[in-house]
Amino acid sequence: MPVVSSCYSAPRHPIVLCHGLFGFDKLGPDTIPHLQIHYWKGIQKALTKLGARVIVASVPKTGSIKKRAEALHRMLTNTVEDMHVNFLAHSMGGLDCRYLISHIQDKNYDVKSLTTLSTPHRGSPVMDWLRDSIGVGHLQHAEEEAMRKLGEAARLSKAAALDLQEALRAYQATTGESNFHYDTTTTTIPPPFSYPNHSSSTGSFAGPLPPPPTIQNSGNPIISPLLHRLIPYLDTPAYANLTTDYCQNVFNPNTPDDPRVSYYSYGASVKQIPVWAPLGIPWEIIKAKEGENDGLVSTHSARWGHYVGTEDADHWDLNNRYRLKIGYDQKPFDAVDFYMNIATLMYKEGH
């Protein structure tokens, strides 16, 4: 059991841990705990010891954002009825949570905050490369149209709610009933979409986010005709949902933030990942397109809402995944301490 310092504080409301692409809650037999592999290795135990109630979500590993969000909603409906919750999401899990917050109505629980950890809010060039060079991740037109309709519904919902609030404020001004309160918990009020502002290292806003550097894309397929026939069996809905085109041009404009929810984000980067490491080539691809990154997601893409900071870690360090790391130019990353600080931030922010 990790040692939890008394300088940390547990949040007031339960934490829901939401995994990324190919993620899980745990693998292995319940009858032999020592043989189990946990996605959140040591993290759930440390948060629980701190005093937090922790719920570990499990959604379809390679499903679309929509399917994963719906699975998360079904699980929460049965476990946290009439409760406030804090989402803490790694990688693609952050997109699932944003979809749930903005588009799933009639929730019997209340989302207070969403903290994303290296979530590809603007997609990942790695997924673009897989689409252009391998052939996976091509978005279906019907899915794109469905997403746009959801976005229009969200904007109409906001407009109607704001009109009602304006009418109520006018009523209060004429009657002097300052104690009259409109309960916004029954109405979704997402704001119009705008890219989050860039934050300084202290978390304060420091102007608009600069565009990332770009290079020309050669885009030549590298697969044989035989392998091309296998692509439909290798493809999954998640791949198309993680491209930069989909996230920036379809998902983000049609998934406005809910002003009742606090949004926090963290990014991660390492100076270099050896080319022989699993994240080595993806790191090079993203470095050329968007600059500093953790091997799968750039710090540019990870920013959403209030950007808390950039961790000296790769993508898999953030959920405490163990593997042999040779040739990394990186200090050891203490994942448990990282999550203790996130929990304490939630507490200080009133969540």
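Residues numbered from 1 in each chain as written. Predicted model: local features only at pLDDT ≥ 70, side-chain atom pairs only at ≥ 80, totals over all residues. Heavy atoms only, no water.

## Things to note about the overall build of the protein chain
- Of regular secondary structure, the protein chain possesses 11 helices and eight strands.
- A fraction of 77% describes how many contacts in the protein chain between residues 6 or more apart in sequence connect residues 24 or more apart.
- Within the structure as shown, the protein chain displays about 17200 Å² of accessible surface, and the carbon and sulfur contribution to it stands at 57%. (Helix = DSSP H or I, 4+ residues; strand = E, 2+ residues; numbered from the N terminus. Contact = heavy atoms within 4.5 Å. Areas by Shrake-Rupley, 256 points an atom, 1.4 Å probe, with all protein chains shown as cover.)

## As for the packing of aromatic side chains
- Summed over the entire model, instances satisfying the criterion amount to four aromatic pairs.
- Through a chain of ring-to-ring contacts, the aromatic side chains of Tyr-266, Phe-333, Phe-338 and Tyr-339 assemble into a single cluster.
- Note that Arg-303 overlies the ring of Tyr-307, its terminal NZ or CZ placed 4.1 Å from the centroid. (Phe/Tyr/Trp six-rings, centres within 6.5 Å; stacked < 30°, edge-to-face > 60°. Lys NZ or Arg CZ within 6 Å of the ring centre and 35° of its normal.)

## Points about the pattern of salt bridges
- Scanning the entire structure with this criterion turns up five salt bridges.
- Residue Lys-66 pairs with Glu-70 through a salt bridge whose shortest N-O separation is 2.7 Å. Taken together, the residues span about one helical turn, with Lys-66 and Glu-70 both in helix H2 (residues 65-79) at a distance of four residues.
- For Glu-70, a relative accessible area of 22% translates into the label partly exposed.
- Across the salt bridge formed by Asp-245 and Arg-131, the nearest N and O atoms sit 3.1 Å from each other. Separated by 114 residues along the polypeptide, Asp-245 in helix H8 (residues 244-251) and Arg-131 in helix H4 (residues 125-134) bring together distant segments of the chain. (Salt bridge = Lys/Arg side-chain N within 4 Å of Asp/Glu carboxyl O. Buried < 20%, exposed > 50% of the residue type's maximum accessible area, 1.4 Å probe, protein only.)

## Examining a nonpolar patch on the surface
- Among the surface-exposed residues, Val-275, Trp-276 and Ile-281 lie close enough to one another that they form a single nonpolar patch of about 370 Å² accessible area.
- For Val-275, a relative accessible area of 51% puts it in the exposed group. (Patch = residues over 30% accessible without salt bridge, like charges linked within 9 Å, V, L, I, M, F, W, Y side chains within 5 Å.)

## Some words on the environment of Ala-277
- Structurally, Ala-277 can be placed in the loop between strand E7 (262-269) and helix H9 (280-290).
- Note on Ala-277: relative accessible area 12%, which makes it buried.
- Spatially, the C-alpha atom of Ala-277 lies 9.9 Å from that of Gly-295, the residues being 18 residues apart in sequence.

## Comments concerning the side chain of Glu-290
- Mapped onto the secondary structure, Glu-290 falls in helix H9.
- Here Glu-290 sits buried without a salt bridge, and the closest side chain of opposite charge, Arg-122, lies 8.1 Å off (N-O distance).
- Separated by 2.5 Å, the side chains of Glu-290 and Ser-298 make a polar contact. (Lys, Arg positive; Asp, Glu negative; His and termini not counted. Polar contact = N/O pair within 3.5 Å; in protein donor to acceptor, adjacent residues only side chain to side chain.)

## Remarks on the nonpolar core
- If you look at the biggest cluster of nonpolar residues, it comprises 37 residues, and the most contacted ones within it are Val-16, Leu-72, Phe-87, Leu-100 and Val-111.
- Non-local contacts of Val-16, meaning those with residues more than four positions away in its chain, are made with Ile-55, Ala-57, Leu-72, Leu-76, Val-85, Asn-86, Phe-87 and Leu-88.
- Ile-15, Trp-40, Leu-50 and Leu-318 belong to the second largest nonpolar core, which has 28 residues in total. (Core = buried A, V, L, I, M, F, W, Y, C linked by side-chain atoms within 4.5 Å.)

## Here we look at unusual backbone geometry
- Even without a glycine there, the phi angle at Asp-106 is positive, about 55 degrees.
- Here Asp-106 lies in the loop between helix H3 (93-103) and strand E6 (110-117).
- Exposure remark for Asp-106: the relative accessible area of 78% places this residue in the exposed category.

## Brief notes about H4
- Looking at H4, one finds that the buried residues are Pro-125, Val-126, Met-127, Asp-128, Arg-131 and Ser-133.
- The secondary structure elements touched by the buried residues of H4 are helix H7 (237-241), H8 and H9.
- Just past H4, the residue Gly-135 takes up positive phi, approximately 110 degrees.

## Things to note about the packing of helix H1 (residues 43-50) against helix H11 (residues 335-348)
- Taken N-terminus to C-terminus, the directions of H1 and H11 make an angle of 40 degrees; their axes are 10 Å apart at the nearest point. In terms of orientation, H1 lies oblique with respect to H11. The way H1 lies across H11 gives a crossing that is right-handed. Packed against H1, whose contacting residues are Ile-43, Ala-46, Leu-47 and Leu-50, the element H11 presents Val-336, Tyr-339, Met-340 and Ala-343 at the interface.
- Of the residues in the contact of H1 with H11, the class split is eight nonpolar, no polar and no charged. (Axes fitted to C-alpha atoms, helices over the stretch in contact; angles between N-to-C directions. Parallel < 35°, antiparallel > 145°, perpendicular 65-115°, else oblique. Left-handed = near helix turned anticlockwise from the far one by under 90°. Nonpolar A, V, L, I, M, F, W, Y, C, P; charged D, E, K, R; others polar.)

So yeah, pure geometry; function would need other evidence.
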